[in-house]
Amino acid sequence: MPVLGFGTAGATGRTCVAAVGEALRVGYRLIDTASMYGNEREVGIAVRESRIPREDIFITTKVASSEQGPRSAPKALEASLGRLGLSYVDLYLIHWPARRKRVATWEAMVPFPERGLARAVGVSNFMVHHLEELRAANETLPAVNQIELSPFLHQKEVVGDCRRHGIQVEAYSPLTRGRRLKEPVIARIAAKYGKTPAQVLLRWSLQQGFVAIPKSARPERIRENAEVFDFALSPPDVRALDALDKGLHFDWDPSRVP
Ligand code: NDP
(Lines give C-alpha, C1' and ligand atoms only; values in the text may rest on other atoms or scores of the structure.)
Protein backbone atom coordinates (compact mmCIF):
# COMPACT_ATOMS: atom_id res chain seq x y z
CA MET A 1 0.00 0.00 0.00
CA PRO A 2 1.50 3.39 -0.97
CA VAL A 3 2.07 5.66 2.06
CA LEU A 4 0.64 8.70 0.29
CA GLY A 5 -2.68 8.61 -1.50
CA PHE A 6 -5.12 10.95 -3.15
CA GLY A 7 -8.51 11.74 -1.57
CA THR A 8 -11.53 12.45 -3.76
CA ALA A 9 -14.40 13.34 -1.38
CA GLY A 10 -16.36 16.24 -2.80
CA ALA A 11 -14.78 16.01 -6.26
CA THR A 12 -17.33 15.11 -8.92
CA GLY A 13 -17.76 15.16 -12.68
CA ARG A 14 -15.01 16.60 -14.83
CA THR A 15 -13.30 18.16 -11.80
CA CYS A 16 -12.81 14.68 -10.40
CA VAL A 17 -11.54 13.19 -13.68
CA ALA A 18 -9.06 16.08 -14.04
CA ALA A 19 -7.91 15.95 -10.40
CA VAL A 20 -7.37 12.18 -10.34
CA GLY A 21 -5.68 12.40 -13.75
CA GLU A 22 -3.30 15.08 -12.46
CA ALA A 23 -2.64 13.09 -9.27
CA LEU A 24 -1.68 10.01 -11.32
CA ARG A 25 0.48 12.16 -13.61
CA VAL A 26 2.49 13.59 -10.72
CA GLY A 27 3.02 10.22 -9.10
CA TYR A 28 0.21 9.37 -6.66
CA ARG A 29 -0.54 5.65 -6.90
CA LEU A 30 -3.30 5.34 -4.28
CA ILE A 31 -6.74 6.76 -5.08
CA ASP A 32 -9.38 6.87 -2.34
CA THR A 33 -13.03 6.92 -3.37
CA ALA A 34 -16.34 5.68 -1.94
CA SER A 35 -19.76 4.71 -3.17
CA MET A 36 -21.02 7.67 -1.14
CA TYR A 37 -18.84 10.20 -2.99
CA GLY A 38 -20.71 9.61 -6.24
CA ASN A 39 -17.48 9.75 -8.24
CA GLU A 40 -16.42 6.12 -8.79
CA ARG A 41 -17.24 6.40 -12.51
CA GLU A 42 -14.99 9.46 -12.80
CA VAL A 43 -12.18 7.78 -10.86
CA GLY A 44 -12.41 4.82 -13.25
CA ILE A 45 -12.25 7.11 -16.28
CA ALA A 46 -9.15 8.89 -14.95
CA VAL A 47 -7.45 5.57 -14.18
CA ARG A 48 -8.10 4.27 -17.70
CA GLU A 49 -7.09 7.55 -19.34
CA SER A 50 -3.80 7.54 -17.41
CA ARG A 51 -2.71 4.37 -19.25
CA ILE A 52 -0.86 3.35 -16.09
CA PRO A 53 -1.06 -0.46 -15.68
CA ARG A 54 -3.94 -1.37 -13.36
CA GLU A 55 -1.66 -3.35 -11.05
CA ASP A 56 0.45 -0.22 -10.39
CA ILE A 57 -2.50 1.71 -8.93
CA PHE A 58 -4.00 1.04 -5.51
CA ILE A 59 -7.72 1.79 -5.50
CA THR A 60 -9.82 1.99 -2.36
CA THR A 61 -13.58 2.24 -2.25
CA LYS A 62 -16.11 1.87 0.55
CA VAL A 63 -19.49 0.35 1.27
CA ALA A 64 -21.92 3.08 2.38
CA SER A 65 -24.10 2.63 5.48
CA SER A 66 -27.21 2.29 3.31
CA GLU A 67 -25.52 -0.60 1.43
CA GLN A 68 -24.45 -2.53 4.52
CA GLY A 69 -25.82 -5.96 5.35
CA PRO A 70 -25.01 -9.61 4.56
CA ARG A 71 -26.81 -9.62 1.21
CA SER A 72 -26.43 -6.02 0.14
CA ALA A 73 -22.67 -5.61 0.82
CA PRO A 74 -21.63 -8.08 -1.96
CA LYS A 75 -24.06 -6.32 -4.32
CA ALA A 76 -22.61 -2.96 -3.31
CA LEU A 77 -19.08 -4.10 -4.17
CA GLU A 78 -20.27 -5.41 -7.53
CA ALA A 79 -21.99 -2.09 -8.22
CA SER A 80 -18.84 -0.15 -7.23
CA LEU A 81 -16.70 -2.34 -9.50
CA GLY A 82 -19.19 -1.74 -12.31
CA ARG A 83 -19.01 2.04 -11.85
CA LEU A 84 -15.20 1.96 -11.57
CA GLY A 85 -14.96 -0.32 -14.61
CA LEU A 86 -12.62 -2.63 -12.70
CA SER A 87 -12.59 -6.33 -11.92
CA TYR A 88 -11.19 -5.76 -8.42
CA VAL A 89 -10.32 -3.01 -5.93
CA ASP A 90 -7.20 -3.08 -3.81
CA LEU A 91 -9.02 -2.20 -0.63
CA TYR A 92 -12.71 -2.32 0.27
CA LEU A 93 -13.73 -0.58 3.48
CA ILE A 94 -16.82 -0.36 5.66
CA HIS A 95 -17.30 3.42 5.49
CA TRP A 96 -18.98 3.83 8.85
CA PRO A 97 -19.64 1.53 11.86
CA ALA A 98 -23.42 1.27 11.28
CA ARG A 99 -24.63 -0.10 14.57
CA ARG A 100 -26.84 -3.03 13.67
CA LYS A 101 -25.18 -3.99 10.41
CA ARG A 102 -21.42 -3.68 10.83
CA VAL A 103 -20.64 -7.22 12.04
CA ALA A 104 -22.77 -8.94 9.39
CA THR A 105 -21.28 -6.61 6.77
CA TRP A 106 -17.76 -7.51 7.89
CA GLU A 107 -18.54 -11.23 7.75
CA ALA A 108 -19.88 -10.79 4.21
CA MET A 109 -16.69 -8.95 3.22
CA VAL A 110 -14.15 -11.41 4.63
CA PRO A 111 -14.42 -13.76 1.57
CA PHE A 112 -13.96 -10.91 -0.98
CA PRO A 113 -10.16 -11.37 -1.29
CA GLU A 114 -10.54 -15.10 -1.92
CA ARG A 115 -13.12 -14.36 -4.58
CA GLY A 116 -10.67 -11.95 -6.26
CA LEU A 117 -12.98 -8.95 -5.84
CA ALA A 118 -10.82 -7.00 -3.37
CA ARG A 119 -7.18 -7.55 -2.56
CA ALA A 120 -7.84 -6.56 1.04
CA VAL A 121 -10.77 -5.57 3.25
CA GLY A 122 -10.87 -3.12 6.09
CA VAL A 123 -12.88 -0.52 7.96
CA SER A 124 -13.19 3.22 8.39
CA ASN A 125 -14.24 5.30 11.38
CA PHE A 126 -14.01 2.27 13.68
CA MET A 127 -13.14 3.07 17.29
CA VAL A 128 -11.76 0.55 19.81
CA HIS A 129 -15.17 -0.78 20.86
CA HIS A 130 -16.17 -1.30 17.22
CA LEU A 131 -12.92 -3.17 16.51
CA GLU A 132 -13.34 -5.30 19.63
CA GLU A 133 -16.78 -6.31 18.44
CA LEU A 134 -15.39 -7.43 15.06
CA ARG A 135 -12.60 -9.37 16.76
CA ALA A 136 -15.11 -11.17 18.97
CA ALA A 137 -17.19 -12.16 15.95
CA ASN A 138 -14.58 -13.12 13.37
CA GLU A 139 -10.92 -14.09 13.39
CA THR A 140 -10.11 -12.07 10.25
CA LEU A 141 -8.92 -8.60 11.23
CA PRO A 142 -9.33 -5.51 9.04
CA ALA A 143 -6.18 -4.77 7.04
CA VAL A 144 -6.74 -1.02 7.42
CA ASN A 145 -8.68 1.41 9.60
CA GLN A 146 -9.19 4.77 7.88
CA ILE A 147 -9.85 7.46 10.49
CA GLU A 148 -9.55 11.21 10.84
CA LEU A 149 -6.08 12.18 12.05
CA SER A 150 -4.04 15.39 12.23
CA PRO A 151 -1.82 17.09 14.81
CA PHE A 152 -5.11 18.43 16.25
CA LEU A 153 -6.61 14.93 16.60
CA HIS A 154 -4.31 12.04 17.60
CA GLN A 155 -6.95 9.40 18.48
CA LYS A 156 -4.29 7.63 20.56
CA GLU A 157 -6.50 4.82 21.87
CA VAL A 158 -7.67 3.56 18.52
CA VAL A 159 -4.27 4.12 16.89
CA GLY A 160 -2.65 2.08 19.71
CA ASP A 161 -5.22 -0.67 19.30
CA CYS A 162 -4.62 -0.82 15.54
CA ARG A 163 -0.85 -0.96 16.05
CA ARG A 164 -1.17 -3.80 18.56
CA HIS A 165 -3.27 -5.81 16.10
CA GLY A 166 -1.26 -5.06 12.96
CA ILE A 167 -3.99 -2.91 11.38
CA GLN A 168 -2.58 -0.18 9.12
CA VAL A 169 -3.87 3.25 10.12
CA GLU A 170 -4.86 5.58 7.29
CA ALA A 171 -5.31 9.29 7.96
CA TYR A 172 -8.24 11.08 6.36
CA SER A 173 -8.67 14.87 6.41
CA PRO A 174 -4.89 15.04 7.10
CA LEU A 175 -4.94 18.73 6.10
CA THR A 176 -7.73 19.53 8.59
CA ARG A 177 -9.86 20.13 5.46
CA GLY A 178 -7.77 23.28 5.04
CA ARG A 179 -9.09 24.78 8.29
CA ARG A 180 -5.91 25.00 10.41
CA LEU A 181 -3.22 25.70 7.83
CA LYS A 182 -2.60 29.17 9.28
CA GLU A 183 -1.82 27.86 12.76
CA PRO A 184 1.33 29.78 13.89
CA VAL A 185 3.25 26.67 15.06
CA ILE A 186 2.72 25.02 11.69
CA ALA A 187 3.65 28.20 9.81
CA ARG A 188 6.86 28.53 11.84
CA ILE A 189 7.89 24.92 11.17
CA ALA A 190 6.98 25.25 7.47
CA ALA A 191 9.18 28.36 7.12
CA LYS A 192 12.08 26.57 8.84
CA TYR A 193 12.10 23.74 6.26
CA GLY A 194 11.15 25.93 3.28
CA LYS A 195 7.95 23.90 2.97
CA THR A 196 4.24 24.76 3.09
CA PRO A 197 1.91 24.18 6.07
CA ALA A 198 0.13 21.41 4.10
CA GLN A 199 3.44 19.64 3.50
CA VAL A 200 4.28 19.86 7.22
CA LEU A 201 0.93 18.29 8.15
CA LEU A 202 1.45 15.47 5.65
CA ARG A 203 5.00 14.88 6.86
CA TRP A 204 3.67 14.65 10.43
CA SER A 205 1.20 11.96 9.31
CA LEU A 206 3.85 9.98 7.47
CA GLN A 207 6.26 10.16 10.42
CA GLN A 208 3.50 8.73 12.66
CA GLY A 209 3.38 5.73 10.31
CA PHE A 210 -0.02 6.67 8.88
CA VAL A 211 -0.98 6.39 5.23
CA ALA A 212 -2.19 9.92 4.36
CA ILE A 213 -4.77 10.75 1.67
CA PRO A 214 -4.95 14.53 1.10
CA LYS A 215 -7.54 15.84 -1.36
CA SER A 216 -7.24 18.79 -3.68
CA ALA A 217 -8.91 19.76 -6.92
CA ARG A 218 -6.13 22.22 -7.85
CA PRO A 219 -3.14 21.03 -9.90
CA GLU A 220 -0.61 23.15 -8.00
CA ARG A 221 -1.79 21.83 -4.64
CA ILE A 222 -1.99 18.25 -5.91
CA ARG A 223 1.72 18.55 -6.78
CA GLU A 224 2.55 20.42 -3.56
CA ASN A 225 0.94 17.70 -1.44
CA ALA A 226 3.04 15.03 -3.13
CA GLU A 227 6.34 16.79 -2.45
CA VAL A 228 6.81 15.49 1.06
CA PHE A 229 9.59 12.96 0.63
CA ASP A 230 12.54 15.37 0.51
CA PHE A 231 12.54 16.46 4.15
CA ALA A 232 11.96 15.06 7.63
CA LEU A 233 10.66 16.84 10.72
CA SER A 234 13.07 16.80 13.64
CA PRO A 235 11.90 15.20 16.92
CA PRO A 236 11.43 18.64 18.61
CA ASP A 237 9.30 19.82 15.67
CA VAL A 238 7.21 16.64 15.82
CA ARG A 239 6.74 17.30 19.55
CA ALA A 240 5.67 20.90 18.85
CA LEU A 241 3.05 19.58 16.40
CA ASP A 242 2.01 16.84 18.84
CA ALA A 243 1.26 19.56 21.39
CA LEU A 244 -1.55 20.82 19.12
CA ASP A 245 -3.70 17.78 19.97
CA LYS A 246 -7.07 19.06 21.14
CA GLY A 247 -9.23 16.15 20.05
CA LEU A 248 -10.52 18.40 17.28
CA HIS A 249 -12.62 16.78 14.53
CA PHE A 250 -13.13 18.61 11.25
CA ASP A 251 -15.32 15.76 10.11
CA TRP A 252 -17.73 13.38 11.84
CA ASP A 253 -16.95 11.88 15.26
CA PRO A 254 -17.63 8.12 15.26
CA SER A 255 -16.80 7.66 18.95
CA ARG A 256 -20.45 8.45 19.71
CA VAL A 257 -21.69 5.45 17.71
CA PRO A 258 -22.47 2.75 20.31
P1 NDP B 1 -8.17 17.26 3.53
O2 NDP B 1 -7.64 17.39 4.90
O3 NDP B 1 -7.44 16.44 2.54
O4 NDP B 1 -8.32 18.74 2.97
C5 NDP B 1 -8.90 19.03 1.74
C6 NDP B 1 -9.18 20.54 1.69
O7 NDP B 1 -7.93 21.25 1.81
C8 NDP B 1 -9.82 20.97 0.41
O9 NDP B 1 -10.72 22.01 0.73
C10 NDP B 1 -8.64 21.50 -0.43
O11 NDP B 1 -9.12 22.52 -1.27
C12 NDP B 1 -7.72 22.03 0.65
N13 NDP B 1 -6.29 21.86 0.29
C14 NDP B 1 -5.72 20.76 -0.26
N15 NDP B 1 -4.40 20.91 -0.40
C16 NDP B 1 -4.11 22.16 0.05
C17 NDP B 1 -2.91 22.89 0.13
N18 NDP B 1 -1.76 22.37 -0.26
N19 NDP B 1 -2.97 24.15 0.63
C20 NDP B 1 -4.16 24.67 1.05
N21 NDP B 1 -5.33 24.01 1.00
C22 NDP B 1 -5.31 22.76 0.49
O23 NDP B 1 -9.70 16.83 3.68
P24 NDP B 1 -10.66 15.67 3.18
O25 NDP B 1 -11.78 15.67 4.13
O26 NDP B 1 -10.94 15.81 1.73
O27 NDP B 1 -9.83 14.32 3.44
C28 NDP B 1 -9.02 13.70 2.45
C29 NDP B 1 -9.66 12.45 1.90
O30 NDP B 1 -9.90 11.49 2.93
C31 NDP B 1 -11.05 12.65 1.30
O32 NDP B 1 -11.01 13.32 0.07
C33 NDP B 1 -11.56 11.25 1.27
O34 NDP B 1 -10.98 10.53 0.19
C35 NDP B 1 -11.06 10.74 2.62
N36 NDP B 1 -12.07 10.92 3.68
C37 NDP B 1 -12.63 9.80 4.25
C38 NDP B 1 -13.59 9.89 5.20
C39 NDP B 1 -14.19 8.66 5.77
O40 NDP B 1 -15.20 8.74 6.47
N41 NDP B 1 -13.62 7.49 5.54
C42 NDP B 1 -14.08 11.19 5.69
C43 NDP B 1 -13.40 12.31 5.09
C44 NDP B 1 -12.43 12.16 4.15
P45 NDP B 1 -8.93 22.43 -2.89
O46 NDP B 1 -9.56 21.14 -3.34
O47 NDP B 1 -9.62 23.67 -3.36
O48 NDP B 1 -7.44 22.44 -3.12
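First, a word on what this report is: a plain description of the structure on this page.

Analysis parameters
Along each chain, residues carry numbers from 1 onward, in the same order as the chain's sequence is written. The predicted origin of the model limits local features to residues at a pLDDT of at least 70 and limits the giving and counting of side-chain atom pairs to 80 or more, whereas totals for whole chains, interfaces and linings rest on all residues. Side-chain numbers come from the whole structure's heavy atoms, not from hydrogens or water. Numbering of helices and strands runs from the N terminus; a helix is a DSSP stretch of H or I covering at least four residues, while a strand is a stretch of E covering at least two. For each residue, the accessible area found with a 1.4 Å probe, counting protein chains only, is set against the maximum for its type, and the residue is called buried under 20%, exposed over 50%, and partly exposed in between. Whether two residues touch is decided by their heavy atoms; if any such pair falls within 4.5 Å, the residues are in contact. Within this document, salt bridges are pairs made up of a side-chain nitrogen of Lys or Arg and a carboxyl oxygen of Asp or Glu, the two lying within 4 Å of each other. We define proximity as follows: a residue is near a molecule or strand when any one of its heavy atoms falls within 4 Å of that partner. Distance and chemistry together define a polar contact, namely a pair of N or O atoms within 3.5 Å, with one atom able to donate a hydrogen and the other to accept it when in protein, and with adjacent residues in sequence counting only for side-chain atoms on both sides. The Shrake-Rupley method, run with a 1.4 Å probe, gives the accessible areas here. Residue values count only the displayed protein chains as cover. Classification used: nonpolar for Ala, Val, Leu, Ile, Met, Phe, Trp, Tyr, Cys and Pro, charged for Asp, Glu, Lys and Arg, polar for all others including Gly. The axes are straight lines fitted to the C-alpha atoms, using for helices just the contacting stretch, and the angles between their N-to-C directions are given from 0 to 180°. Any angle from 65 to 115 degrees is called roughly perpendicular, while one under 35 is roughly parallel, one over 145 is roughly antiparallel, and all others are oblique. Two strands are said to pair when DSSP picks up at least two bridges between them. Whether a crossover is right-handed comes down to one check: with the strands pointing away from the viewer, does the path from the first strand over the helix to the second run clockwise; if it does, it is right-handed. What the arc measures is the spread of directions leading from the helix axis to the C-beta atoms.

1. Re the side chain of N39
Inference 1: In this structure, N39 sits in the loop between β2 (30-32) and α2 (40-50).
Inference 2: Taking relative accessible area as the criterion, N39 reaches 0% and is therefore assigned buried.
Inference 3: Non-local contacts of N39, meaning those with residues more than four positions away in its chain, are made with T8, A11, T12, C16, T33 and A34.

2. As for the pattern of salt bridges
Inference 1: By the definition in use, this model includes 12 salt bridges.
Inference 2: Of the charged contacts, one joins K195 and D230 as a salt bridge, the two residues approaching to 2.9 Å between their closest N and O atoms. Placement of K195 in the loop between α7 (184-193) and α8 (197-207) and of D230 in the loop between α9 (219-226) and α10 (235-242) is noted, with a sequence separation of 35 residues between them.
Inference 3: Classification of K195 as buried rests on a relative accessible area of 14%.
Inference 4: Judged by relative accessible area, which is 58%, D230 ranks as exposed.
Inference 5: For D253, the salt bridge goes to R256, with nearest N and O atoms at 4.0 Å.
Inference 6: Residue class for R256 comes out exposed when judged on its relative accessible area of 69%.
Inference 7: A single network of salt bridges, built from pairs that share partners, joins E22, R25 and R223.

3. Details of the site of the ligand
Inference 1: The full set close to the ligand counts 30 residues, and D32, S124, L175, S216 and R221 are the nearest of them.
Inference 2: Within the side chain of R221, an N or O atom sits 2.8 Å from an oxygen atom of the ligand.
Inference 3: N225 has a polar side-chain atom sitting 2.9 Å from a nitrogen atom of the ligand.
Inference 4: Coverage of the ligand by the protein amounts to 89% of the 900 Å² it exposes when considered alone.
Inference 5: When the residues that make up the shell around the ligand are grouped by side-chain class, the tally is 11 nonpolar, 11 polar and eight charged.

4. Points about the packing of α2 against helix α3 (residues 72-84)
Inference 1: One way to put it is that α2 packs onto α3 with a least axis distance of 7 Å and a crossing angle of 45°. On the basis of their axis angle, the class for α2 and α3 is oblique. Residue-level contacts link E40, R41, V43, G44 and R48 of α2 to S80, R83 and L84 of α3.
Inference 2: Here the contact of α2 with α3 is built from residues that sort into two nonpolar, two polar and four charged.

5. Brief notes about the pairing of strand β6 (residues 144-148)
Each regular strand carries side chains that alternate between the two faces of the sheet.
Inference 1: Among the five residues in β6, five count as buried, and that is most of the element.
Inference 2: What you see with β6 is no split at all: V144, Q146 and E148 on one side and N145 and I147 on the other are buried throughout.
Inference 3: Pairing between strand β5 (residues 118-124) and β6: two bridges, direction parallel. Following the sheet pairing, S124 is matched in β6 by Q146.
Inference 4: Where the polypeptide runs from β5 across helix α5 (residues 128-137) and back to β6, its parallel neighbour, the crossover connection is right-handed.
Inference 5: Regarding topology, helix α6 (residues 156-164) serves as the crossover connection from β6 to the parallel strand β7 (residues 168-172), and that connection is right-handed.

6. Focus on α7
Inference 1: Among the residues of α7, those classed as buried are I186, I189 and A190. Looking straight down α7, one finds that the buried residues subtend no more than 100° of arc, so they occupy a single side. α7 presents P184, A191 and K192 as exposed residues on the side facing more than 90 degrees away from its buried surface.
Inference 2: A positive phi of about 65° marks G194, the residue just after α7.

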